[in-house]
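An overview of the molecular structure
One-letter residues, chain by chain:
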Amino acid sequence: DKAASARSAGRRVVVHLDLDCFYAQVEMIRNPELRDKPLGVQQKNIVVTCNYEARKRGVKKLMSVRDAKETCPQLTLVNGEDLTPYREMSYKVTELLGEFCPLVERLGFDENFVDITEIVEARLKQVQQSGCCRVCVSGHVYNNQAINLQDATHVSLVIGSQIAEELREAIYARLGLTGCAGVASNKLLSKLVSGTFKPNQQTVLLPESCQDLLRSLEHIQKVPGIGYKTTKRLETLGVRNVCDLQAFPSAVLEKELGVSNAQRIQKLSYGEDDSPVTPSGPPQSFSDEDSFKKCSSEVEVKEKIEELLHNLLDRIDKDGRQPHTVRLTIRQFSSTDKWFNRESRQCPIPPHLIQKFGKESSNVISPLVDILMKLFRKMIDVELPFHLTLLSVCFSNLKDVPSSKKGSIGFYLKQMSPPLGSSKRVREVEDVSQGEGSPSWNQSCNRTATAKTRKLSEEKKSNIKKAGIPNFPFRLFPADIDQEVFRELPEDIKKEILCEK
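Thresholds applied
- Residues numbered from 1 in each chain as written.
- Predicted model: local features only at pLDDT ≥ 70, side-chain atom pairs only at ≥ 80, totals over all residues.
- Heavy atoms only, no water.
- Helix = DSSP H or I, 4+ residues; strand = E, 2+ residues; numbered from the N terminus.
- Buried < 20%, exposed > 50% of the residue type's maximum accessible area, 1.4 Å probe, protein only.
- Contact = heavy atoms within 4.5 Å.
- Areas by Shrake-Rupley, 256 points an atom, 1.4 Å probe, with all protein chains shown as cover.
- Arc of directions from axis to C-beta.
- Core = buried A, V, L, I, M, F, W, Y, C linked by side-chain atoms within 4.5 Å.
- Phe/Tyr/Trp six-rings, centres within 6.5 Å; stacked < 30°, edge-to-face > 60°.

**Thoughts on the overall build of the chain**
Along its length, the chain carries 19 helices and 14 strands. The burial tally for the chain puts 50% of its 501 residues in the buried class. Residue pairs in contact within the chain that sit at least 24 positions apart in sequence constitute 69% of those at least 6 positions apart. As displayed, the chain has an accessible area near 24,800 Å², and 49% of this comes from carbon and sulfur atoms.

The structure is reproduced here in structure tokens:
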């Protein structure tokens, strides 16, 4: 029985921490006068989040500014398009959690996984040595399930709830932020249970209630790790909720989705998730994007790219490392697939420009714009009408330099070896699954240069083979270069790139 096997999986204890209305909290910390007022954080014409005072008055996340103002005329709006304060506070939270436990994995700006198994085991030994026979749960127990102190798994999770409360208290005492927590035996279940009671509360999930939690999900896409495209394919098979997926014949599912993917999502439907909490380390890329109703001229595209570059270069300067790859992503208007069609192209940054990052950043904007516009023209025929709704610029393949100086988040961003990042040309349609920072148990989409963790060299070689990239001892031509863009580069830059290779 798969449900039983999920319950009998080891005594891991994982906490999922999710900060309450994060952007709004950061704004209230920056300006305490906003604390007791209904507050919304605005990006473009959307309220991306709001505090609980605003929610009491009917304002909701992702509501249009016009509707939010009509719903709550007293609403105070703060412009949240500059993500710098949120990003910096986010790293402070992860850094703080790292003081308690080395196994901390970031998930977007406002979520973290913490594997506290070893801390729980140490605390359990202390309890046993003290002769104490009682332990008390902190927060809620999902389904109000009775705790059995003769069950070692129950006891571990109860101690885990105490540690989760200590983590939340530390975040509030040191940074002034509140958040929810879920305590369970793996990442999947801890994330699902953390939002049961909001705000500023926590919930522990005992193994016997796992199936109740999973079956309470309204739709299959509520299961982290099952993305948009997979959801659509499952719907065509008549699979709409967890019960449908659990009951669906494995052989048919494997034929439709492939063996590994079918097995993976059926395990998720039973709450099985053995993915480790992997310390995230420094960012492996820096990206920024701008969405809009319509962009339909090269002049507009160039202006928007320049705006994105100014912010990105400031972040790269603070980080201290130098990017070696740049990528441009666009989204064209589609009445049928409004959010999920993206196309990307990337190329290496010429070495003479790399050296200027952090020193002469203002001097790299113009040549970077030229490179990005060439990538743009590889995707869009500018002789024909076009209608874009999004532009994104991403710098990746970050490498340390000997004289690098860390900036505001430098204490957390310790020097590490450069990430394994394919620099091959990309032409793709993304499967947007669970939003920013999809967890490691999400379906791999083989997106370029977005590997979430650094592996040992043996694992790197294994990953290269899995991706189908031949491990040649030499290259006849730089395989990681978009050859069409390469041909249009000036001769001196071509020579410089070839010498580097």
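**Here we look at helix 13 (residues 259–269)**
Taken together, the buried positions of helix 13 are Asn261, Ala262, Ile265, Gln266, Leu268 and Ser269. Down the axis of helix 13, the smallest arc covering the buried residues is 155°, so these residues share one side. Among the residues trailing helix 13, Gly271 stands out with phi positive, at a value near 85°.

**Remarks on the side chain of Gln25**
The residue Gln25 is located in helix 2 (residues 22–30) in this model. Aside from chain neighbours lying at most four places away, what touches Gln25 is Leu19, Asp20, Gly176, Leu177 and Thr178.

**Examining the nonpolar core**
Within the largest apolar cluster, 44 residues are counted, with the highest numbers of intra-cluster contacts made by Val15, Leu17, Phe22, Leu97, Val114, Ile171 and Leu177. Elements with a contribution of two residues or more to this core: strand 1 (14–19), helix 2, strand 2 (39–43), helix 5 (84–100), helix 6 (117–130), helix 7 (152–175) and strand 9 (179–184). Take this core: its biggest share by element is 9 residues, from helix 7. Excluding residues within four positions of it along the chain, Leu97 makes contact with Leu17, Val104, Asn112, Val114, Leu167 and Ile171.

**Considering the packing of aromatic side chains**
Counted according to the given criterion, the structure contains 5 aromatic pairs. Considering the side-chain rings of Tyr23 and Tyr86, the 4.0 Å spacing of their centres and the 10° angle between planes classify their relative orientation as stacked. Highlighted residues: Tyr23 in helix 2 and Tyr86 in helix 5, separated in sequence by 63 residues. For Tyr86, a relative accessible area of 0% gives the class buried. Where Tyr23 meets Phe109, the ring centres are 6.5 Å apart and the plane angle is 50°; that geometry is what we call tilted. One end of the pair, Tyr23, is in helix 2; the other, Phe109, is in the loop between strand 6 (104–107) and strand 7 (111–115), with 86 residues separating them in the sequence. Among the residues examined, Phe109 registers a relative accessible area of 10% and is labelled buried. Put simply, the rings of Phe22, Tyr23, Tyr86 and Phe109 touch in pairs and so form one group of aromatic residues.

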